[in-house]
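Structural overview
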Amino acid sequence: MSSKEEAASEGEILVAKIGGSTLGSHDTTLADVVQLQVNGMRLVVVHGGGSLISEWLARHNLPTRFEQGLRVTDDESLKVVVAVLAGLVNKEIVAKLSSLGARAIGLSGADGGVLRARTLASKLGFVGEITGVNTAPLHSLLDRGTIPVIAPIALEWEGEKPSAQLLNINADGAAGAIAEALEARWLVFLTDVPGVRTGEGEIADSLSPEHAAALIGAGVVQGGMIPKVRACLSAANAGTRCLIVDGREEHALLRSIEGRMTGTTIA
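These notes cover the structure that comes with them. Since the model is a prediction, treat every value here as computed from it, not as a measurement.

Moving on, we get to the packing of helix H6 (residues 171–182) against helix H8 (residues 225–236). Viewed as axis vectors pointing N to C, H6 and H8 meet at an angle of 10 degrees, and their least axial separation amounts to 8 Å. By the angle between their axes, H6 is roughly parallel relative to H8. When H6 is examined against H8, the residues Asp172, Gly173, Gly176, Ala179 and Glu180 are found in contact with a partner set consisting of Pro227, Lys228, Ala231, Ser234 and Ala235. Classifying every residue of the contact of H6 with H8 gives 4 nonpolar, 3 polar and 3 charged.

If you want it as structure tokens, here you go:
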């Protein structure tokens, strides 16, 4: 696909999912976010922070355990998860964006009921799956030229109203649900691998949703790539162009939107 075909149009929404593995002292992702906003795009940033959560759990002598790639989150672990994601990581990203000249506001998915969820499985503890997205607060911020920075924490909803229970949400799933609900033009996953590998071991340049789903079913897509691809499948239903790229490369986000970045496109 040519750069002309990939080029962003003013006013289009881009959801960028960033993780701790791709953010460092020399990272250019947040600078790219600011530049794309200057270029006229409207951006939402969704972040993870799994490695930092594990570090802080260890500091508190709390175990880290995963089931099918999801962190088992008991009551004590949830306190650390919320503090790290909605506190430390979220506000560090907001501070960096602010220092680069952007207007950014940090939220968790619990704020304004942005992310509604139900408990996924009792064996996982306070881990949720998203059942709905309230886009009104996001549109309000975007309309004011502000970048929402969202931590993947949700409120548990019982019927038509929330309980007081917070739930830990997979950040990839959160990004996909938000992109789908906003009918975003773009969803970009900035990760620590160059893309989705096919059965032959090569990085796929592009995949149809059907082919991507087949790769999951065949066990070719594994581990942490599964929630990313599943999120892309959900967002693709809303016409979103999804990219999975190596966020460790310089200006990966900007180059992705300009059509100059290698990786995997699912659309």
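What follows covers the nonpolar core. Core analysis: the biggest nonpolar cluster contains 39 residues, and Val15, Ile178, Val229 and Ile266 have the highest contact counts within it. The element best represented in this core is H8, accounting for 6 residues. In this view, Ile266 contacts Leu207, Pro209, Ala212, Val229, Cys232, Leu233, Thr240, Arg241, Cys242 and Ile244; residues no more than four positions away in its chain are not counted. One finds Val80, Leu97, Ala252 and Met261 within the second-largest nonpolar core, a separate group that totals 37 residues.

On to the pairing of strand S5 (residues 104–108). Most of S5 sits out of view: 4 of its 5 residues are buried. Pairing of S5 with strand S8 (residues 147–151), which is carried by 5 bridges, proceeds in the parallel orientation. The partner of Leu107 across the bridge, within S8, is Ile150.

Quick look at unusual backbone geometry now. A positive phi angle, near 55 degrees, is found at Asn61, a position not held by glycine. By the secondary structure assignment, Asn61 is in the loop between helix H3 (50–59) and strand S3 (66–67). You can call Asn61 exposed: its relative accessible area is 71%.

Spatially, the 4 strands close up into a barrel ordered S6-S7-S10-S9, and their pairing is mixed. The mean inter-strand angle of the sheet, taken between neighbouring strand axes irrespective of direction, is 50 degrees. Pairing geometry for strand S7 (residues 127–133) and strand S10 (residues 161–169), over 2 bridges, is parallel. Across the sheet, the residue bridging to Val127 is Asn168, located in S10. Here helix H4 (residues 75–99) sits on the sheet in contact with strand S9 (153–158) and S10, set at roughly 80 degrees to S10. Relative to the sheet, H6 contacts strand S6 (115–119), S7 and S10, its axis offset from that of S7 by approximately 5 degrees.

Here H6 spans 16 Å end to end across 12 residues, near enough to the 16 Å set by a 1.5 Å rise per residue. The element H6 is extensively covered by neighbouring structure, given that 9 of its 12 residues are classed as buried. Of all the positions in H6, only Ala171, Asp172, Ala174, Ala175, Gly176, Ala177, Ile178, Ala179 and Leu182 are classed as buried. In the segment just after H6, Glu183 is the residue with positive phi, at about 50 degrees.

Parameters at a glance
Residues numbered from 1 in each chain as written. Predicted model: local features only at pLDDT ≥ 70, side-chain atom pairs only at ≥ 80, totals over all residues. Heavy atoms only, no water. Axes fitted to C-alpha atoms, helices over the stretch in contact; angles between N-to-C directions. Helix = DSSP H or I, 4+ residues; strand = E, 2+ residues; numbered from the N terminus. Parallel < 35°, antiparallel > 145°, perpendicular 65-115°, else oblique. Contact = heavy atoms within 4.5 Å. Nonpolar A, V, L, I, M, F, W, Y, C, P; charged D, E, K, R; others polar. Core = buried A, V, L, I, M, F, W, Y, C linked by side-chain atoms within 4.5 Å. Buried < 20%, exposed > 50% of the residue type's maximum accessible area, 1.4 Å probe, protein only. Pairing = 2+ DSSP bridges. Expected span 1.5 Å × (residues − 1).

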